[in-house]
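# Close look at the chain arrangement
Residues per chain are reported as follows:
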Amino acid sequence: MKLVFEIDGERIEAEFHSADGAARLTIDGRAHEAEVREPEPGWFTVLLQNRVYRCEIERAPNGAREVRINGRRIPVAVHDPKRMRIGAGAAAGAGGRATLIAPMPGKIVRVMLQPGDEVAANQGVLIVEAMKMQNEVQSPRDGRVAEINVTEGQTVNAGETLAVIE
């Protein structure tokens with residue numbers, strides 16, 4: 001999957017693949033491979049070039065993310081250009097509502113926000129696991145969570161409405 005990373009103000013376009021605990025990130029034709037484990041939600045251990053990194057993903061109140069790697073905080077934004085297109089995960093409806101739609105069949109791993117919560121553009125609302133990959137479903141715009149139509153552990157079909165943002 002193609003991703004756009006903004007790391008400490010620098011924009012990086014990369015190809016990312018993950019399966020069975022192995023991750024591959026290709027930047028400017030150079031591949032970087034790592035073993036990735038998530039011993040607890042939000043905490044990851046990464047084995048890269050015979051070095052182990054302990055990583056935590058943190059979310060600020062404004063929706064921005066920081067990654068803490070071995071104690072060092074780094075501001076990070078990750079964008080999936082495919083999901084930013086209309087109809088690929090979020091569809092605008094009447095009255096300025098945005099409907100978050102399951103991009104593929106999968107299982108709801110985590111619901112991060114509840115109805116009534118404020119949400120920022122590109123902020124994660126929930127995580128769907130599909131084909132052994134966890135995909136964060138993000139809000140397409142600033143607003144308020146109007147509906148969460150799923151629960152953790154629930155299986156969903158492609159195109160199913162997951163949440164609504166007003």
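Everything discussed here concerns the structure shown above.
Everything in this summary refers to the structure shown in the same document. None of the values given here were measured: they were computed from a predicted structure.

Moving on: the overall build of the protein chain. If you tally the helices and strands in the protein chain, you get 1 helix and 17 strands. The buried share of the protein chain, reckoned over its 166 residues, is 34%. Nonlocal contacts in the protein chain, meaning residues at least 24 apart in sequence, comprise 42% of its contacts between residues at least 6 apart. By element, 51% of the accessible surface of the protein chain is carried by carbon and sulfur atoms, the whole surface being about 9,800 Å².

What follows covers the sheet that holds strand E11 (residues 106-111). With antiparallel pairing, 4 strands are arranged side by side in an open sheet as E14-E13-E11-E16. With partners counted over all chains shown, the strands left at the sheet margins are strand E14 (133-138) and strand E16 (155-156), one partner each. As paired strands, strand E13 (residues 124-130) and E14 are joined by 6 bridges and run antiparallel to one another. In the sheet register, Ala 130 faces E14, and the bridge partner there is Met 133.

Right, let's get into the pairing of E13. Within E13, 6 of the 7 residues are buried, which leaves it mostly tucked inside the rest of the structure. Here E11 pairs with E13 via 4 bridges, running antiparallel. In the sheet register, Val 111 faces E13, and the bridge partner there is Leu 126. What sits between the antiparallel neighbours E13 and E14 is a turn of 2 residues, in which Met 131 has the positive phi angle 50 degrees.

Before going further, it helps to spend a moment on the pattern of salt bridges. Tallied over the entire structure, the rule returns 7 salt bridges. As a salt-bridge pair, Glu 56 and Arg 68 come within 2.1 Å of each other at their nearest N and O atoms. Taken as a pair, Glu 56 in strand E6 (residues 51-59) and Arg 68 in strand E7 (residues 65-69) lie far apart in primary sequence, 12 residues in all. Since its relative accessible area comes to 22%, Arg 68 is described here as partly exposed. For Glu 166, the salt bridge goes to Arg 144, with nearest N and O atoms at 2.3 Å. Residue Glu 166 is located in the segment after strand E17 (161-165), and its partner Arg 144 is located in strand E15 (residues 143-148); the two are separated by 22 residues in the primary sequence. In this structure Glu 166 comes out as partly exposed when scored by relative accessible area, which is 34%. Within this structure, Arg 97, Arg 144, Glu 147 and Glu 166 form a network of salt bridges that share partners.

Before going further, it helps to spend a moment on the nonpolar core. In terms of nonpolar packing, the biggest core is built from 18 residues, with Ile 108, Val 125, Leu 126 and Leu 162 touching the most fellow members. Of all the secondary structure elements, the ones that give two or more residues to this core are strand E10 (98-101), E11, E13, E15 and E17. Excluding its chain neighbours within four sequence positions, the residues that come into contact with Leu 126 are Ile 108, Arg 110, Val 111, Met 112, Asn 135, Glu 136, Val 137, Val 150 and Leu 162.

Looking at the element boundaries, Gly 143 is found in strand E15. Sequence separation between Gly 143 and Arg 97 is 46 residues; the distance between their C-alpha atoms is 9.0 Å.

So, on to unusual backbone geometry. Its identity is not glycine, yet Asp 28 carries a phi of approximately 50 degrees, on the positive side. Mapped onto the secondary structure, Asp 28 falls in the loop between strand E3 (22-27) and strand E4 (30-40). The exposure class assigned to Asp 28 is exposed, which follows from its relative accessible area of 76%. The backbone of Asn 50 sits at a positive phi, close to 65 degrees, despite the residue not being glycine. Structurally, Asn 50 can be placed in the loop between strand E5 (43-48) and E6. What makes Asn 50 exposed here is its relative accessible area of 75%.

Conventions we followed
Per chain, residues are indexed from 1 in the order of the written sequence. Where local features are concerned, this predicted model is filtered to residues with pLDDT of at least 70; where side-chain atom pairs are given and counted, the filter is 80 or more; whole-chain, interface and lining totals use all residues. Only hydrogens and water are removed before side-chain values are computed, so all heavy atoms of the structure are retained for them. For the purposes of this entry, the term helix denotes a DSSP run of H or I that reaches at least four residues, the term strand denotes a run of E that reaches at least two, and both are numbered from the N terminus. To sort residues, take the accessible area from a 1.4 Å probe on protein chains only and compare it with the maximum for the residue type: under 20% means buried, over 50% means exposed, and anything in between is partly exposed. Residues count as neighbours in contact if any of their non-hydrogen atoms are within 4.5 Å of one another. Residue exposure ignores everything except the shown protein chains as possible cover, and the areas themselves are Shrake-Rupley values with a 1.4 Å probe. Pairing between strands is defined by DSSP: at least two bridges between them are needed. Basic side-chain nitrogens of Lys or Arg form a salt bridge, by our definition, when they fall within 4 Å of a carboxyl oxygen of Asp or Glu. Residues belong to a common nonpolar core when they are buried Ala, Val, Leu, Ile, Met, Phe, Trp, Tyr or Cys residues joined through side-chain atoms within 4.5 Å.

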